Amino acid sequence: MIPVSLSDEERRSLEELERDLAATDPDLAFELKSGRPRGALARTVLGTLAVLAGFVMVIVGIITQLVVLGVVGFLMASAGAYWLFAGTSLRRRVQRHDDGPAP
């Protein structure tokens, strides 16, 4: 990507648009500035905890030979993994890797 310098007028116009956006929709302005949705951190933490708890339940189910506990643990780990990765788009992840320089 080639960096393009902006004229003073364009820069002022963009700053004005940014202020207007922050005034009319502060939540959207926050998400755009931070680069990640507001709930992404909570989704990451809770998804990770669900995956770990599910694996623990599977292991405990194997040790105690309780099939129901193992199945519930597997379902919990699967749901946690889905929740963890549901917010990320495969297309965005692939494009991010394709943007690098060619070998």
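Small disclaimer: the values here were computed from a predicted structure and weren't measured.

K.L.:
Quick question: what am I supposed to make of the overall build of the chain here?
P.N.:
When you go through the chain residue by residue, the secondary structure sums to five helices and zero strands. In the chain, the succession of helices and strands from N to C terminus is α-α-α-α-α. Across the 103 residues in the chain, those meeting the buried criterion constitute 11%. Within the chain, counting contacts between residues at least 6 apart in sequence, those at least 24 apart form 35% of the total. Approximately 8,700 Å² of the chain is accessible, and the part contributed by carbon and sulfur atoms is 66%.

K.L.:
Whenever I open this one, unusual backbone geometry confuses me. Can you help?
P.N.:
Residues apart from glycine generally show negative phi values, whereas peptide bonds are mostly found in trans. Positive phi, normally seen in glycine, also occurs at Gln-65, with a value near 60°. Locating Gln-65 in the fold gives a position in the loop between helix H3 (40-64) and helix H4 (67-85).

K.L.:
Would you mind showing me how to read H3 here?
P.N.:
Side chains that are three or four residues apart share a direction in an α-helix, a result of its 3.6 residues per turn. Compared with an ideal rise of 1.5 Å per residue, which puts 25 residues at 36 Å, H3 spans 36 Å between its outermost C-alpha atoms and is within 8% of the ideal. Every buried residue of H3 is listed here: Ala-40, Gly-47, Ala-50, Val-51, Gly-54 and Gly-61. Against H4 lie the buried residues of H3. Gln-65 sits one or two positions beyond H3 and adopts a positive phi of about 60°.

K.L.:
So what exactly am I meant to see when it comes to the packing of H3 against H4 here?
P.N.:
Any two packed helices are characterised by how steeply their axes cross, that is the angle between the axes, and by the distance between the axes. The geometry of H3 relative to H4 is characterised by a closest axis approach of 7 Å and an angle of 160° between their N-to-C directions. The angle between H3 and H4 falls in the class roughly antiparallel. Note that H3 runs across H4; the crossing there is left-handed. Looking at the contact of H3 with H4, its residues break down into 16 nonpolar, nine polar and one charged.

K.L.:
Sorry if this is basic, but what is going on with a nonpolar patch on the surface here?
P.N.:
A grouping of Leu-41, Val-45, Leu-46, Leu-49 and Trp-83 is seen on the molecular surface, where their side chains present a nonpolar patch of about 480 Å² in accessible area. For the nonpolar patch, the element with the highest residue contribution is H3, accounting for four residues. One can find Leu-46 in helix H3.

K.L.:
Could you clarify how one ought to interpret the confidence of the model for the chain in this entry?
P.N.:
Should pLDDT be low for a region, the predicted coordinates there are not to be read in detail. Across the chain, pLDDT averages 79, with 74% of residues at or above 70. Here helix H5 (residues 90-98) is the element of the chain with the lowest mean pLDDT, 51, and H4 is the one with the highest, 93.

K.L.:
How should the environment of Ala-86 be read in this particular structure?
P.N.:
Examined against the element boundaries, Ala-86 turns out to sit in the loop between H4 and H5. A relative accessible area of 43% means that Ala-86 is categorised as partly exposed. For the pair Ala-86 and Thr-44, spaced 42 residues apart in the sequence, the C-alpha separation amounts to 10.0 Å.

Definitions and cut-offs
Residues numbered from 1 in each chain as written. Predicted model: local features only at pLDDT ≥ 70, side-chain atom pairs only at ≥ 80, totals over all residues. Heavy atoms only, no water. Helix = DSSP H or I, 4+ residues; strand = E, 2+ residues; numbered from the N terminus. Buried < 20%, exposed > 50% of the residue type's maximum accessible area, 1.4 Å probe, protein only. Contact = heavy atoms within 4.5 Å. Areas by Shrake-Rupley, 256 points an atom, 1.4 Å probe, with all protein chains shown as cover. Expected span 1.5 Å × (residues − 1). Axes fitted to C-alpha atoms, helices over the stretch in contact; angles between N-to-C directions. Parallel < 35°, antiparallel > 145°, perpendicular 65-115°, else oblique. Left-handed = near helix turned anticlockwise from the far one by under 90°. Nonpolar A, V, L, I, M, F, W, Y, C, P; charged D, E, K, R; others polar. Patch = residues over 30% accessible without salt bridge, like charges linked within 9 Å, V, L, I, M, F, W, Y side chains within 5 Å. Salt bridge = Lys/Arg side-chain N within 4 Å of Asp/Glu carboxyl O. pLDDT = per-residue confidence, 0-100.

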